[in-house]
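# Architecture and fold: a report
Take a look at the letters that make up each chain.
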Amino acid sequence: MSTLILYNTLSRSKEPFRPLQDDYVGLYTCGPTVYNYAHIGNLRTYIFEDTLKRVLLYNNFRLKHVMNITDVGHLTGDRDMGEDKMEKGAAREGKTAWDIAEFYTRAFQKDIDQLNILPPDVWCKATDTIPDQIALIRTLEEKGYTYQTGDGIYFDTSRVDNYAKLSNQNLDALREGARVEKNPAKRNPTDFALWKFSPEDTKRQMEWDSPWGKGFPGWHIECSAMSMMFLDDHLDIHCGGTDHIDVHHTNEIAQSEAATGKKFFNFWMHGAFLNIAGGKKMAKSADNFLTLDTTFTQNGISPLVYRFAAFLTHYRKPMEFSDESLEAARNGLAHLQNQVRSLMDLQNMDEGKILSDFKRRFTEAINDDLNMPRAMAVVQEALKADLGGADRLATVLDFDRVLALDLDRVGKEERLPAEVFKLIEARRRARAEKDWKASDRLRDDIQALGYTVQDAKDGMKVFKQ
């Protein structure tokens, strides 16, 4: 099997992937902030991460996957200004922050289930690990990396060498008041909150006692605490969207390496944005906030159409979404299902063998930094090959371990009788040998049994009349 090559944001290059210990991989993926529904732009990132996970499994790695649920501490401004998103969501809907978190966590889990995204081995909520986060902040305090202001405990980024090694930002050009919210109490524009104090005149729904006073953790500290808590010495791959690079993941690295003195994750991988046609980024604050339910399910469109669509653009490239692209993906998945359906007769077809040459080419594609557009091209080549239907079917179903498009379920209620299937296979052989008389005769024999035969560029299709 070819070597798995992944793009590492930290080195800005493709690198051969090798886990820290044997064949066991520790994978951490940043989960949702559960104050609202995930939009389909968010879900594109989770499809990319699921593809990575399935590719690791396809390469026979063992893995442990941890995903956090952010149910406290994520403010509306990523640099520690504004309202807590959970408290804001509670006010919006007239519910408690705890009820909001529970409702949208379940909604997110439903979404990923509909997209055939494998659940993590560990779901961990920020509110369940407050003592661990406090302990990590205490370690940073003891090592001299923190300072206190009127609104919280902050991490001093000037104490860290190469703070911007992940983002490659020009820190000299970064000035408060332009791209960074103003906070005159901060020593440096890039400093970030580890612990925020509860306002004296307001009772928060989510707050805890701490050595520094009543309050709540900052957004970034939770991922450091959880990943080290659940993955220990298996900090292999950390994933998220490209919007996490400049602030969230940069801050995770700074605080984690300051606390431990060790490298924090070997590989950092990020999925690109989904844009509405015209190049506008999808965001919950804009009118282009599309959910899986409102865009797909309520319109009678399978959510797997979106999974299929995601495979047509490399995960590191922006993906454009429009009515036209949706319809193209819908037709593309239907076409793929029809191709598989034409091969399927699970009761009568001999068990096929996986075609080694196509498996090699498919593996080379997915192992080249998850090159799914190229992998999908290999799928089509395998389906159209002049080879036995049972072998082609077995091969494509093996690929579906990565694709997760439920191809094994296609046409199970439309199985062809053994007599018809044998005629179809005989006609394919005749056409491959350019025996057109035999091809015509076999077509007539198939149609006499009540089936319609269509010859198309992508092969023969047979339908019940």
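Refer to the structure presented above.
What comes next is a walk through the structure.

About the cut-offs
- Residues numbered from 1 in each chain as written.
- Predicted model: local features only at pLDDT ≥ 70, side-chain atom pairs only at ≥ 80, totals over all residues.
- Heavy atoms only, no water.
- Salt bridge = Lys/Arg side-chain N within 4 Å of Asp/Glu carboxyl O.
- Helix = DSSP H or I, 4+ residues; strand = E, 2+ residues; numbered from the N terminus.
- Buried < 20%, exposed > 50% of the residue type's maximum accessible area, 1.4 Å probe, protein only.
- Pairing = 2+ DSSP bridges.
- Axes fitted to C-alpha atoms, helices over the stretch in contact; angles between N-to-C directions.
- Parallel < 35°, antiparallel > 145°, perpendicular 65-115°, else oblique.
- Left-handed = near helix turned anticlockwise from the far one by under 90°.
- Contact = heavy atoms within 4.5 Å.
- Nonpolar A, V, L, I, M, F, W, Y, C, P; charged D, E, K, R; others polar.
- Phe/Tyr/Trp six-rings, centres within 6.5 Å; stacked < 30°, edge-to-face > 60°.

Turning our attention to the pattern of salt bridges. A complete count under the given rule lists 29 salt bridges for this structure. Residue Glu257 pairs with Lys165 through a salt bridge whose shortest N-O separation is 2.7 Å. Separated by 92 residues along the polypeptide, Glu257 in helix H6 (residues 245-260) and Lys165 in the loop between strand E9 (152-155) and strand E10 (192-197) bring together distant segments of the chain. By relative accessible area, which is 26% here, Lys165 ends up partly exposed. Here the residues in one salt-bridge network are Asp357, Arg360, Arg361, Glu364 and Glu381, joined through shared partners.

To continue, consider the pairing of strand E2 (residues 13-16). Note: strand E1 (residues 5-8) against E2, four bridges, orientation antiparallel. Its bridge partner lying in E2, Tyr7 is registered against Lys14. Adjacent in sequence and paired antiparallel, E1 and E2 are bridged by four residues, among which Arg12 carries a positive phi angle near 55 degrees.

Let's shift gears to the packing of helix H10 (residues 356-366) against helix H12 (residues 389-403). Interhelical geometry of H10 versus H12 gives an angle of 15 degrees and a closest axis separation of 10 Å. The angle between the axes of H10 and H12 places the two elements in the roughly parallel class. Between H10 and H12 lies a crossing of right-handed hand. Across the interface between the two elements, Phe358, Lys359, Phe362 and Ile366 of H10 pack against Thr395, Asp398, Phe399, Arg401, Val402 and Leu403 of H12. A per-class count over the contact of H10 with H12 returns six nonpolar, one polar and three charged.

As a further point, take the packing of aromatic side chains. Summed over all chains, the structure comprises 20 aromatic pairs. When the centroid spacing of 5.0 Å and the interplanar angle of 90 degrees are considered together, the rings of Tyr37 and Tyr104 count as edge-to-face. Taken together, the residues Tyr37 in the loop between strand E3 (24-29) and helix H1 (40-58) and Tyr104 in helix H3 (residues 97-114) connect sequence positions 67 residues apart. According to the relative accessible area criterion, Tyr37 is partly exposed, its value standing at 35%. Using a relative accessible area of 5% as the deciding quantity, one classes Tyr104 as buried.

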